[in-house]
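So the chains spell out like this:
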Amino acid sequence: MGMTGEQRRRVWRRAVIVWALVVVVASGLTLWVQDSMEPQGPYVGEQTKPDETPDLPPCPTPEEGLDVACAYVKAD
């Protein structure tokens with residue numbers, strides 16, 4: 001009436017295989033989600049060299065109908 005030794009081994013073998021597959025898939029998903037949550041880098045400040053002056057956008061001209069004030073500060 002009960003399971004034979006071979007049937008029990010087959011059930012345990014399948015359970016271990018399923019468990020291993022679940023662990024592999026969950027690990028892959030965890031690494032994928034962690035990578036997608038990190039910011040895309042490097043930032044512009046990290047790309048510039050300290051000796052170089054960064055390219056700054058031009059100030060808008062008053063001819064566009066706006067009162068404009070531009071100020072650029074060099075951070076040392």
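Keep in mind the model is a prediction, meaning the values are calculated, not measured.

**A word on the overall build of the protein chain**
Piece 1. Of regular secondary structure, the protein chain possesses two helices and zero strands.
Piece 2. Split into buried and exposed, the 76 residues of the protein chain put 0% on the buried side.
Piece 3. Of the roughly 7,800 Å² that the protein chain leaves accessible, carbon and sulfur atoms contribute 62%.

**Quick word on a nonpolar patch on the surface**
Piece 1. On the surface, a cluster of nonpolar side chains totalling about 420 Å² of accessible area is made up of V25, L29, W32 and V33.
Piece 2. Locating V33 in the fold gives a position in helix α1 (residues 5-37).

**A few points about the pattern of salt bridges**
Piece 1. Scanning the entire structure with this criterion turns up one salt bridge.
Piece 2. Among the ionic pairs, E6 bridges to R9, the shortest N-O distance being 3.4 Å. Within this pair, E6 and its partner R9 are both found in helix α1, separated by three residues, close to a single helical turn.

**Side note on the environment of A69**
Piece 1. Note on placement: A69 falls in the segment after α2 (44-47).
Piece 2. Its relative accessible area of 77% is what places A69 among the exposed residues.
Piece 3. Note: C-alpha distance between A69 and C59 (ten residues apart in sequence) is 7.9 Å.

Thresholds, definitions, all that
Residues numbered from 1 in each chain as written. Predicted model: local features only at pLDDT ≥ 70, side-chain atom pairs only at ≥ 80, totals over all residues. Heavy atoms only, no water. Helix = DSSP H or I, 4+ residues; strand = E, 2+ residues; numbered from the N terminus. Buried < 20%, exposed > 50% of the residue type's maximum accessible area, 1.4 Å probe, protein only. Areas by Shrake-Rupley, 256 points an atom, 1.4 Å probe, with all protein chains shown as cover. Patch = residues over 30% accessible without salt bridge, like charges linked within 9 Å, V, L, I, M, F, W, Y side chains within 5 Å. Salt bridge = Lys/Arg side-chain N within 4 Å of Asp/Glu carboxyl O.

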